[in-house]
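# Working through the structure, step by step
This is what each chain is made of:
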Amino acid sequence: VNKRIIELETAKEVSGESGYGKAVETILGSGIRGVHGTIGQLGSVDEDYQVALETCIGPRLTHIVVDDDQVAQECIQYLKDNNAGRATFVPLNKIVAQPPGLL
């Protein structure tokens, strides 16, 4: 995943585009407290498993990880106020860990 992010960032520098949609870029650049980044930015995986992970979670790599549902709501309102489109948020307070072996 990190290798793919570097490729996207390099493409961004060359073409002037980020590889993310307008909404994701808007939130990442907003300075809203409690926004951690996209799943793709925050995670890493051994290179041997990179293609499998990208295939498995695909577009979810651009979902934005935030502290809680209140931050997500603030981000949604920010997008509406700025007519910047839509994004998907992953509030950390809503994530429930599964015990190993129960997947």
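Our structure's up above, just so we're on the same page.
My aim in this report is to walk through the structure given alongside it, one point at a time. Here the structure is a predicted model, which is why all the values come from computation and not from measurement. (Residues numbered from 1 in each chain as written. Predicted model: local features only at pLDDT ≥ 70, side-chain atom pairs only at ≥ 80, totals over all residues. Heavy atoms only, no water.)

### Things to note about the overall build of the protein
Condition: For helices the rule is a DSSP run of H or I covering at least 4 residues; for strands it is a run of E covering at least 2, with both sets numbered from the N terminus onward. When checking whether two residues touch, look at their non-hydrogen atoms; a contact exists if any pair is within 4.5 Å. Each accessible area is a Shrake-Rupley result for a 1.4 Å probe, and residues are judged covered by the shown protein chains and nothing else.
What the protein contains, in helices and strands, is 5 helices and 3 strands. Overall, the protein shows an N-to-C arrangement of helices and strands of α-α-β-α-α-β-α-β. For the protein, the proportion of contacts with a sequence separation of at least 24, taken over those separated by at least 6, is 68%. If you sum the accessible surface of the protein, you get close to 7200 Å²; carbon and sulfur atoms cover 51% of it.

### Here we look at the nonpolar core
Under the convention used in this document: Nine residue types can take part in a nonpolar core, namely buried Ala, Val, Leu, Ile, Met, Phe, Trp, Tyr and Cys, and a core is a set of them joined through side-chain atoms within 4.5 Å. Remark: exposure states derive from per-residue accessible area (1.4 Å probe, protein chains only) relative to the maximum for the residue type, with buried under 20%, exposed over 50%, and partly exposed in between.
Counting residues in each nonpolar core, the largest one holds 13 residues, and the members touching the most others are Ile27, Ile64, Val66, Cys75, Leu79 and Phe89. Put simply, the parts of the chain that give this core at least two residues each are α2 (22-28), β2 (64-66) and α5 (69-81). If one sorts the elements of this core by residue count, α5 sits on top with 4 residues. Ignoring any residue separated from it by four or fewer positions in sequence, one finds Ile64 in contact with Val24, Ile27, Val35, Gly37, Thr38, Ala87, Thr88, Phe89 and Val90.

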